[in-house]
Structures are given as structure tokens and as C-alpha cells.
Amino acid sequence: MSRSDVPVFPPVALSAEAAPFTPLGTDGWRLGSPSDVEKQFSRCAAKLRALRADSGQLREELNLLFDQLLSENYNKTFDPNINIRPEDVCTLLKHVSCLVPLSQEHLVIKLCQLVHHLLNQLKVIMDERTLDVLVNYTAGALKVCSTWTHSDVLLALSTIVYGNGPQCHQHLNDLLGEDGVLLLYSSPSQPNMELRRVALTCMANICLRIPGQPPLDDQYRSVSFRVFLKTLQSPKPPNTDELFYCMVIQAALKGLQCCLSGGKWKFGGGEEVGSVLAALKRLLFQGTPGVSVEWPAVLYPSPLPQYEGLSASKPNKKRKSKGKGKKTSTEESRGDDGEEDDRDPVPELQKGGGREGGRGEVESLSKPSGPSLYPSWKKTSSDSEFSDPEGSAQSKLRLYHGRVRQGALHCLLAVVKAVEKRTLYGYWSSFIPDSPVGGLPPLTLLTIIRKDPSPKVRASALQVLSAMLDGSRQFLAVAEDTASPRTSYTPFSFSLATSVRELHRALSLALLAETSPQTLTQVIKCLAYLVANAPYHRLRPGLLSPLWKQMRPYVRHRDVNVRVSVLTLYGALVTTQAPLPEVQLLLRQPEVSSSTGSFTPQDSALSWRQRDGVSSPSRTPVKPSLQSSHAHSPHIPRTPGEEDTAPPWLLQLCVLLVTQPREDQSDSEGAGTGGGAALEPSPVRLEALQLMCITVLLGLTYSENYLVKTAAVRALGVYILFPCLREDVMFVADTANTILAALDDRSPNVRAKAAWSLGNLTDTLIVNMESVGVDFQEELSDMLLLKMLQAATRASADKDRVKSNAVRALGNLLHFLRQSQLSRSAFQRPLEDAVLALVKTVQSEATMKVRWNACYALGNAFRNPALPLGKYSAPWSCDAFSSLCHVVTSCKNFKVRIKSAAALAVPAKRGCYGDLKQFSCVWRSLATALENSEDTNDFLEYRYSASLRHTLSQALLHLLSVSQSQDMPALGTSLAGEEGRGIKEHLIKYLRAEEGGGEGADGEKDAVGDSFTPQQRVGGLQETLIRLKELKAEGEEWGEEERGKEVITRTALSGCTDQSRQTIEGETSNLKLTGD
């Protein structure tokens, strides 16, 4: 090799930022580059595809090519530029599976390793044919090959079936049937722990449900569930390595989580729930030193009083603002080197006494504690359990024990989401202490939150606790401890109040001790859930003040997610169910009270900002004289008058967060950016704006000045329309409660604006139902919806300016309610009252705007498929149709007629129109209204006549499209007479409007009641013809209705363009052929 052949290496400066050294090949390509990986795969794949089963030296060639493919790293996280097509991988695997006979067990193992290697690293989504071939091959290998190969075969099978369980239905009986191989190898009696682990992993991957795909059949899901539960309940076999046992338990926990995720509980009654919770609670403390407890096999629920007539609601769930950080998987994947750093030794934090926050915390920290659950290594070592540099067996065991605890918490979270909340409340005492602190503390979630050495485990426990608290407002509403119980037993309300106080105490201590930013964020979020659901008006004061003061230093925390969560918690504090005097006092307090001694001046939440409200990009020092005269210094006492006139501290904070730059020296995110000032990140500013809205507007709605209250209520009606606020269930609930209170105000102006805001709020419910989905409906409280329905019904009897928006709200609420709510007895009477209020408004002599809104509201209600309309429905159904039929024919206002006709065309099924008598009444009313659509002496109304005819024509076509054979005689009679000829003329105009500029096009453009395009109109007519064809195919004797069909057909053909006519003629010819 000559000197000229040696590649020239460019000079690289030695520094920490320099790229790592990568050797080059003789051709100048970087070794291991994406092109090399792809070239190697293509070369080996081409050679394998060229091989045939009768090729000479087949075994040696397969061995060599398999080894070359297995030696490459295809992981896209290692190199995202790798671009190997999934179809090439599928083609290769299908071909080589035909080359490797099951008798060549060494080759079978290599092939299985290759399947796992390629599918796992390249994340290949297989087509159905490849899936079938590979499942057939591995299932056959399990039947034919020796047992020593089964571990690799099962590993490949687990990769193949990952998320594809429902598609493998023809093989499930062999795998999960009575004598299935997976049941054999996953049994607790299986001595080979590796086989047992891989079999459990394979079952978990079969049970895994990918969003958008059907779930696994309940039969196999239940079989797998029992296997996973039995594994968790079984003790560790003797002479079994603890690490292998932990791996088996992790696989079973993953499988149980897959069975429970994405659906409701389907695995039996209370006994099964108690068994699962008992097994999980034992594993929550896996590997924890000092815990020696005889764990029960089943947890039994505590008897609960009837705390609520309606079922528990899931709601008041704070929406996840952008930038707050995601839960579980995202937080686990953050690569912060300090995430797993050990906290300072905190055995003294385990006993906090009876105080919450404030100065009392400092005193309680020095008290001796009970037996510590921290192991001795945790108190003295500075090594992370996830990154032990020595790699000792003890450190590895701690790592696996932590993973078991984390997996158990993930399973518990899935149980909390799957089991009905009413059922779960009975098990609260097993996971949340319900007695005052004294003696040995119970083993609960709070024990893990405060004492577990792993930040990830603590964060997972906080997520479980948050899920339990979320939507528990109705359950916790029973709690009360304003007076000590005087009976010989402890009432349930007092025990529940004790749980709330213990949650406050433990979470406050966890807040002080936590060092991981991710876990700290979860602590604050959990406190926000607690504050949003606890009934503080029924508890002794003093819980919120220490928490309020304790949160202030975290407003300037270096982590943006912590700062956002603090603002979320402050939002929960200022909206606690009622304007509590304690919260009002906190809002009036200055920045830092110099008399408390709880915080130093450096801890002031605003000490890192320009206090005079003037930003300086160059951070010019403020003169001491100006600072003392203009700033709100914590050391300068102010008179009560000054404090009353000064803006609340929280409001000042929000304004500064939104408008003023932050000082870079005090925030790690801005350090090193030079002398320029930077604003807060968008998530912080957005949360501050929400908080300002809540603090100002919700507070002003309780003003004594009716003008202020009117403006605040109206502003809420505007704010609720913003997407970032309307999707926030907590804000929606708080706004609704505020509006409901304003609807009872003595001022008619306040009530009118409250009704308008309620109409806007219920508009957003419909928007969220369509955009967010059923999750939003389930999260909103049933009790709140019932209160809104009753309040809107009462408001519909108020003055017209209140009534017009009250009926709009009624229509939205009737559209929003779900079947599960409408079927409950608590909703039956309010539902009837609401519909009758709309009927009464439609028939009343109120202003036309009110009647117009009432007709629209009835049509809106008809859009709810769960509403009991039809033959066997409630009596109010007939009243609703009758009122609309009356208005559509007799009302002088054409806009009211338009909306009544549109409402009559809303029901999507024939059954909604009731019996033949009621259906015929609707038809006659629409036909009569169409015939009289030009009869008016008011020119202002005449301009809407074209729109009225459009809407009436569309309604008539809709009735024909849903009609049934028993309706044909009446419809045929109507269409064959004088009335039918008028209908024909109007249908011609309807179909020709705005199509080709025909006659009448200009007059039909004012489509107030009809927004259908010509193509949609012709499409609707085609659907009508198809429906008539189906009825004729049934072989019924039509009689008069046949002539009605011919009228419609001739009308369509005479009123459409050539292209539309050809389309309908085709439908008509098919109809005649079918009839012949």
C-alpha cells in the first residue's frame, strides 16, 4: 500500500465538543454508516432470495448469511438515517422460513433470532400474509423442535404477535387453549424461569391493544388475565435466583397492564378486584427493607354510605397544557443525569406531626421518626440505583426491585382507570390512610411517595394518587371535621376528612424533600387534584394557607414544568368550590408577610424580577431610593388602606410572568445567553393568562356592584369560547358554577348576561363532544349537568332577554346528555320539564327571537340519538312534534317557520316520528306550509319565502327517505291530488336553484334555512329513490304511493340538468326493472 493510498484525515481540534472518532474504510466511506448497513442488508437479502431448498451447501450459506445479518445494528435510534423498506424485510423473512426445515434446530434458532432482531430494531409493521407465515412457522417449531430451542422461538413469537393478537385468531387456540403451549410454559409450576418469562411476555404482547384496532377476544383475554394474576400471587419458588424471579414478575405485570388498558373492567366482581389489588399492594413494596408483613390474599372494600344519588363523575380534570410535560413514558425517557440522584437523607421527614406547612414544618423535622424504610446504602451512598458504576449484584437487584415496584404502580393505575369509581372508593383505605398519625404508619401510597428511593417509582405513585383523586369531588363531599365527633364511634365523614388532612401533610413533606424536577412536578399536580376535589368549606380552616405560602418559592424554580404546575395549583386554590374567606384573605396579603418568618427575603416569588414593573433588557440596577418608594418590599409595612387598594399578589405575579422578562442569572434556562433579557416560556405565560382569567373574572362575579358582576359574567361567556379554555374541564366546571349562581341574581341585567354566557358554554359542550370525543362527556360531572339543565329550565320562564338564551342552552344540554344519564331516575323529571319548557316557549306569544331559538333548540335536541323519541317514548315527544307542526303552518314570522321546518327534518330514523298518525301529521303540516309559503302581507317576511320553500322541500324529501311501507298510502294520496301538484312545482324550483342559472336562481339565493348545494340536493333525491326501490322490492301492494313515486321522479327529471337527469334516470330504470 503506497502512501498515496492512505486516506487523508482532516485536522480536528481536540475539545469536548469534537465529534467522536470514526475509522474510515479504504474507499473513504465511514464504517457503520447507513449506506453500509443498507448495502449489507441488500447484499445478504439478495443472496438469501437466490437460495433454494435444493441448493448445494444450503446449511453453510444460511449460517453465514444469518450471522452477517445478525451482526448489524439496525436500530433507528442509533442511526435514524437507516432506510430499509418494511416490505423487503417481510419478503426476506417469508422466503427464509421456507428454507429452514424444523429438523435443523440450530438454524431454527438463528432464524428466530433474526426475526426478533429485524422486527424489533426496524419496528416493522407486517402485512397479514407475513404475519400468518411467521406465526405458523414458530407455532410449528414449538410443537416439533426440542425444548432447549423454545426460549428463542418464544422470543421471536412474542415479537411477531406484538399488538397483533386479534389477527392471530386461528392460532390462539393452540397457544392459549386448554393445552396451549403458552399456558404450559407460563404456569407457576414451570421450573425453567427463562421459559416462563418469555411465555408471559408473549402472552402480554398478544393482549396488547394498538389504538384503532379491535381488542383481543374476551375468552383469551380472560385466560391470560388469570395466568398473570396467578403468577403475581404465587410465591418465589425455592432455589430460584431473585433476579430471574423479578423478571418473571415484570412480565406478568406488563401482561396484566395490557389486559386492563383501554377498556372497562371485565374480569369478574369484587372478589377479583380485591385479589388484584392485594397482589399489587404486596408488590408495591417489593425489595423494601424493614417491611415484614403478612399480606392478605384479597382486599375487601370498606362499607360506604350513600354519598350521592347520581353516580360519581370523573371530572374537573385539568387539561394538559402544552409544555407541562407528559406522564409516565415521557418522563421516564428524559435523559437528565441527575434524575436518579439520591435525595438527602430524610428519615426525619417520616413523622411530620399534626401540622401542615408554615413554621410548624421546621419544628416537626427534628422529631425522631419511626422505623425507616430507607436502606442503609441509600443513606450513605451517592450512587444512583439506575447507574451504579461498579455494576455489583446488589445494585442490579435494587434496580430490578425498583422496576417491579414501578410496574406494579402502572398496573394499579390501569386498575384505577378501568374499575368504576363507585367500586374503587371502597378500597381507598387500603392505599390512603384514613386515621390520624400515631404508632407505626400504615403502608400506603403516601409511604412510597415519601420514602421510596427511586424518583421514577415516586412519580408513578403520584400518578396513581392523582388518578384516584381526579373526579372524586362527589365522594369527598361527605368529609367534614368542623366539629369533633361526640359519639362513641368515628363517623365516616370524619375519617374521610382525616384522609384529606393526611394527604395534605404527606404531600407537603414530599414537596420539601423532593429533588427530582420530574417527580416534583407530579407532587404539585397531585396537590392540584386534591385541592380541586376536597370540600374545604366543610373542613376546619388552615389547610390552604400553609400550602399557599409553601408554593411561592417554586414559582421561580429552574424547571419550566414545575413553574407551570405551580400556576395550575394556584388556579385550583383560587377556585375552590366557594369563595372561601381563607382564600380571599390570602389574595389580599402582600408578597411576603414579614411576621411569619417562614421565608427569607430571597425566597420571595418576585425577588428575581423588576419590582417596579419596569423591565430593563440590560438589567440596569434600580436605585435604592426608587426601590424603596415604588416597590412592594416585604420589609416595608403598609397600612390596611394601602393593602386593600393594591392589586393582589397573585395578579401582579401573573402580569409579570406574561409581560416582563426574567433575569437570566436566576433561571438555568437563560444562563449563558449574554446580556439580553428573555421572556418566560410559552407554557408558563399561557398558564399565567388562565390564572389571571380565573382570579379576576371569577372573583368579580361575586361583586356587590351589579355593573361589575354583569361585565364579569359576560366576559366569562367570551373566554369560554377560546379552545385552550373550553377544553379545560376544570375551567368549564368553575365557569358553569359561577354562571349558575348569577342566574339567580336579583338584577335582570345580570341574569340576561348569565343566560347568554350559559348559552355560549353549552355551545362549547357540543363542540367538545365532536372534537374531543366521549372522554370530555365522561369527565364532566353528572350533578353539574343536572344543575345546568334545571337552571336553564327555570330561566326559560324569565323575561324574554333571559329566555332567548336559556332555551338555546336547553337545546345544547339535551343534545349533550348521554344514554347512561338519560336513563337514570334523577334525570327523568328534569328532562320532561326541559322539553315542555321548550314546547311552551314555541307556542307562546313571546318575541320572535325567543320562539326562533326555541324551535332551533328542539331541532338540536332531536340530534341526540339517545333521546327517547318515537312510538313508545314519553308523552312530551308528541307535544314537541305537535308544537312544531303548529308553528310551521301558522306563525307569521317566516324565520320561525324555517327553523321549525328544519327541526322537523332532523330525526334520522322513521321510528323517531312515532306512529302513522303522527308521521302523517308532520307530512301534512309541511305540505300545507309549502303551499302557503308565499302568503304574506309583510314585505320584510316575503324576502325569506324562498328560504322557507327550500327548507320545506328538503324536509319533505327527508320524510320520504325515511318512510316505510305503511306510510305509502297516506303519502300517495297527498302527492296525487291538488296538493301534490303544488309540491311538484316547488320541488322543481328547489332542485333547479343555483344550478345552471335557471329561472328562479336569483330568488333562491337567500338560503337562511337551507345551505345544501345542488349536488347535495340531487344526492338527497337519489337516496329517496333508493329508499322507494327498497320498499318496492319488499313486494308490498303500493296503490296510491306508486303514483307518488312517479310524481317525484318526473319532478326530478324535469328540474335537473342533463348530467343530473342521466344519473336519476339510471336509478329510475333500475327501480322499474326491480319492480317488473
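Looking up the protein in an unreviewed UniProt entry gives the name HEAT repeat-containing protein 6, with the organism given as Sander lucioperca.

Participant: Account for unusual backbone geometry, with residues named and values stated.
Facilitator: Here the phi dihedral of lysine 123 falls at roughly 55 degrees; this positive angle occurs in a residue that is not glycine. Position of lysine 123 among the secondary structure elements: in the loop between helix 4 (105–122) and helix 5 (128–144). Residue class for lysine 123 comes out exposed when judged on its relative accessible area of 60%. Even without being a glycine, asparagine 239 presents a positive backbone phi close to 60 degrees. Mapped onto the secondary structure, asparagine 239 falls in the loop between helix 10 (218–233) and helix 11 (242–260). What makes asparagine 239 exposed here is its relative accessible area of 85%.

Participant: Explain the environment of leucine 51 to me, using residue names and the numbers behind them.
Facilitator: Here leucine 51 shows up in the loop between helix 1 (34–50) and helix 2 (58–70). C-alpha separation for the pair leucine 51 and leucine 99, spaced 48 residues apart in sequence, amounts to 8.0 Å. Once residues lying within four places of it in the same chain are set aside, the contact partners of leucine 51 are Leu58, Glu61, Leu62, Leu65, His95 and Leu99.

Participant: Account for helix 40 (residues 848–862), with residues named and values stated.
Facilitator: Helix length check: helix 40 (15 residues) gives 21 Å between terminal C-alpha atoms against 21 Å at 1.5 Å per residue, within 8%. Counting buried positions along helix 40 yields 11 of 15 residues, so the element is predominantly enclosed. For helix 40, the set of buried residues is Val850, Arg851, Asn853, Ala854, Cys855, Ala857, Leu858, Gly859, Asn860, Ala861 and Phe862. In this fold, the buried residues of helix 40 make contact with helix 37 (800–816), helix 39 (825–843), helix 41 (875–890) and helix 42 (894–904).

Participant: Pulling in residues and values, what's your account of the packing of aromatic side chains?
Facilitator: Under the criterion given, the structure shown has 16 aromatic pairs. Pairing tryptophan 265 with phenylalanine 267 gives two aromatic rings, centres 5.6 Å apart and planes at 90 degrees, and the pair type is edge-to-face. The same class applies to tryptophan 265 as to phenylalanine 267, namely buried. Pairing phenylalanine 881 with tyrosine 913 gives two aromatic rings, centres 5.6 Å apart and planes at 40 degrees, and the pair type is tilted. One end of the pair, phenylalanine 881, is in helix 41; the other, tyrosine 913, is in the loop between helix 42 and helix 43 (916–931), with 32 residues separating them in the sequence.

Quick notes on the rules
- Residues numbered from 1 in each chain as written.
- Predicted model: local features only at pLDDT ≥ 70, side-chain atom pairs only at ≥ 80, totals over all residues.
- Heavy atoms only, no water.
- Helix = DSSP H or I, 4+ residues; strand = E, 2+ residues; numbered from the N terminus.
- Buried < 20%, exposed > 50% of the residue type's maximum accessible area, 1.4 Å probe, protein only.
- Contact = heavy atoms within 4.5 Å.
- Expected span 1.5 Å × (residues − 1).
- Phe/Tyr/Trp six-rings, centres within 6.5 Å; stacked < 30°, edge-to-face > 60°.

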